[in-house]
Amino acid sequence: MTTTQRPVAEGLFTWPPAAAPLRLIGSECRVCGLVSFPAAATCVRCASDESKERLLADRGTLWTYTTQNFRPPSPPYDGPEAFEPYAVGYIELPGELLIEARLTEPDPDKLRIGQTMLLTLVPYTVRDDGTEIVTFAFAPVEESTHAEQEAS
Amino acid sequence: MTEAVIIGVGLHPFGRFPGKPALDMGADAVRLALTDAGVNWPQIQGGYIGSYEVANPDAIVGRLGLTGVPLRGVFNGCATAGTAVALAARAIETGEHDLTIAIGLDKHPRGAFAADPSVAGIPSWYGQTGLFLTTHFFGMKINRYMHEHGISHETLARVASKNFRNAARNEKAWRRTPLSPEEILASPVLNYPLRQFMYCGPNEGAAAIVMCRADQAHKYTGKPVRVRSTALRSRRLGAFEVQSPSFPVGEPVDSPSVDASRAAYESAGIGPEDVDVAQLQDTDAGSEIIHMAENGLCKDGEQERLITEGATEIGGRLPVNTDGGLLGNGEPIGASGLRQIHEIVLQLRGAAGARQIPGTPRVGYTHLYGAPGASAVTILST
Ligand SMILES: [Zn+2]
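- Chain B is annotated in an unreviewed UniProt entry as Thiolase of Streptomyces sviceus.

- You'll find chain A entered in an unreviewed UniProt entry as ChsH2 C-terminal OB-fold domain-containing protein, with Streptomyces sviceus given as the organism.

### Focus: the UniProt feature "domain: Thiolase C-terminal" (unreviewed entry) in chain B
1) Next: Taking the UniProt record as the reference, the feature "domain: Thiolase C-terminal" (unreviewed entry) is found at residues 256–379 of chain B.
2) Next: A distance of 16 Å separates the end C-alpha atoms of residues 256–379 of chain B, which is 42% helix and 14% strand.

### Re the UniProt feature "domain: ChsH2 C-terminal OB-fold" (unreviewed entry) in chain A
1) Next: Residues given the UniProt feature "domain: ChsH2 C-terminal OB-fold" (unreviewed entry) here are residues 55–117 of chain A.
2) Next: Structurally, residues 55–117 of chain A comprises 0% helix and 44% strand, and the distance from its first C-alpha atom to its last is 17 Å.

### A short note on the coordination of the zinc ion
All names here are of chain A.
1) Next: Donor atoms from the polypeptide that coordinate the zinc ion comprise Cys29 (SG), Cys32 (SG), Cys43 (SG) and Cys46 (SG), at 2.3 to 2.4 Å from the metal.
2) Next: Around the zinc ion, the four donor atoms are arranged such that angles at the metal cover 100 to 118°; this shape is classified as tetrahedral.
3) Next: Counting residues between consecutive donors of the zinc ion along the chain gives the motif C-x2-C-x10-C-x2-C. With Cys32 in the loop between β2 (25–29) and β3 (35–36) and Cys43 in the loop between β3 and β4 (51–55), this pair connects stretches of sequence that are eleven residues apart.
4) Next: For Cys43, a relative accessible area of 8% gives the class buried.

### Some remarks on the sheet that holds β3(A)
Residue and element names in this part refer to chain A.
1) Next: Read from one edge to the other, the open sheet built from three strands follows the order β3-β2-β4, with strand pairing classed as antiparallel. Of all the strands in the sheet, just β3 and β4 have a single pairing partner and so form its edges.
2) Next: Note: β2 against β4, five bridges, orientation antiparallel. The partner of Ser27 across the bridge, within β4, is Glu53.

### Quick look at the interface of chain B and chain A
1) Next: Listed by partner, the interface residues are 35 residues for chain B and 43 residues for chain A.
2) Next: Roughly 3,200 Å² of surface becomes buried between chain B and chain A when both sides are summed, with 66% attributable to carbon and sulfur atoms.
3) Next: Broken down residue by residue, the surface that chain B buries against chain A is led by B:Trp125, B:Gln128 and B:Met140, which jointly contribute 20%.
4) Next: The interface formed by chain B and chain A contains zero salt bridges.
5) Next: Counting across the chain B and chain A interface gives 20 residue pairs in polar contact (both at pLDDT 80 or more).

Conventions used here
Every residue gets a number counted from 1 within its own chain, in the order that chain's sequence is written. Each chain is given a letter, starting from A, and each ligand a number, starting from 1, according to the order in which they appear as written. A pLDDT threshold of at least 70 governs which residues receive local features in this predicted model, and a stricter bar of 80 or more applies before side-chain atom pairs are shown or counted, although totals over entire chains, interfaces and linings include all residues. In computing side-chain values, all of the structure's heavy atoms are included and hydrogens and water are not. UniProt positions are given in the numbering used here, feature names are shortened, and annotations may be inferred rather than shown by experiment. Working definition: helices are DSSP H or I runs of at least four residues, strands are E runs of at least two. Numbering for both runs from the N terminus. Each metal's donors are the N, O and S atoms found within 2.8 Å of it, except that Na, K and Ca use a 3.2 Å limit; water is left out, so coordination can look incomplete. Here a site with four donors is tetrahedral if all angles are between 85 and 135 degrees, and a site with four or six donors is square planar or octahedral if opposite donors are over 155 degrees apart and the other angles are between 65 and 115; anything else gets the irregular label. Only protein chains enter the accessibility calculation, which uses a 1.4 Å probe. A residue is then buried if its area is under 20% of the maximum for its type, exposed if over 50%, and partly exposed in between. For two strands to count as paired, DSSP must find a minimum of two bridges between them. Whether two residues touch is decided by their heavy atoms; if any such pair falls within 4.5 Å, the residues are in contact. Defined here as a combined quantity, buried area equals the accessible surface (1.4 Å probe) lost by two parts on assembly, summed across both. The working definition used for a salt bridge is a side-chain nitrogen of Lys or Arg within 4 Å of a carboxyl oxygen of Asp or Glu. Polar contact criterion, stated in full: a pair of N or O atoms within 3.5 Å, where within protein one must be able to donate a hydrogen and the other to accept it, and residues adjacent in sequence count only if both atoms are side-chain atoms.

Encoded structure:
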């Protein structure tokens, strides 16, 4: 059995996954350098309409977080009827921006402000025809793994 | 420039009123405010009216009298009522009208607001994937704030408990059952660290404020309340605001509450140390804590001690949300800020009954904050 996957929106992250390393697709103002996500045609700092695509860092630190313990109103939410609590947070991508995202770890006791987070994809819902709809999320990086990578 | 003073306030209870249209609640609030001011509807020369749910809130004239009065609809999210008051005051200050009214009314269904993200200029995927919830922002902002400034979960619960206790003394409040901090901490987490009884709910209600020129106040009342300043600010780039898929890195940028607060103090010539009673946007218990500092009423982190000591209680040094705030009253968006002003006016008149703060309060302060990052501050005095 094969499962079809589709991104929740075009132009949000690199797709398909096999083609290139996973990155979020942002933009950068050609005039003042402001980084935006999602990609923005106009700059909210200098009002320029000249921007270029910028693939954002896939690793950052958790700036803050919360949990979602009740099913959000539908619409706009189109996750499964059987609701599983999830967490959301802002991840600071150094020198770029802070990004709001789902977190793969739903337990607030296992999340910590300042911990290292890595970009990933999660199938957050399934359509009637079996298609999985995929969105971006950040996953905590084990501290030990992180320390080893820093050391290497 | 002429100064605007408040001569009448009217409040329809906040809660749920099946079968009663928002316009009827608004008309009731207007009649109460007119009676309080001792004026008739045909004397009102102009006004501003705000609502989220009612498409044409100015249709209220059909219930009050078709006098031809210019009644302008205003909407500014949770800052709607602050905007209505500011404009009604401005109409007097500039000499356009001698007698004005600010009205707010709303009737929201149960549960969290379910809006279309595109209306807020936000992409669809943000709502589809479960990120488009204002409650996320409140959970994340207080979580970060607790981490940086040493605020405890118990302090969150104390704030909610205080506001329910105050609401119990307010016959027009919605949530009038006192809850202990322990009961609040035992309620389910909705958005960590915020629990069910730490959030306000959308509901129904209306309020109205009648104002006149200061030099004519003696015709109506012996206790006019002066509108010393009103200020409204929207978010600046870099501030951490509700409904932001991302925001820039770098030095922290002040919230619009800080900006509006500073502008209001400066324009009033009144400092935070002069404030005797305050009404702060307590969408949730964490917001009240953060807004104490953002409005200059304490330093970041001082809240832990102040709240433990009872400084924000009705008998404390700086009473906050004496009528129960949003936690006790719920939030009919268009009316909420006028409910705050209604309470400050009662307190400054010494007419707040069972919840009257002791002494002779001179200065009152109100503050609103809402999506997508707008704050309104009003400073009132005797
Ligand atoms: Zn720019």
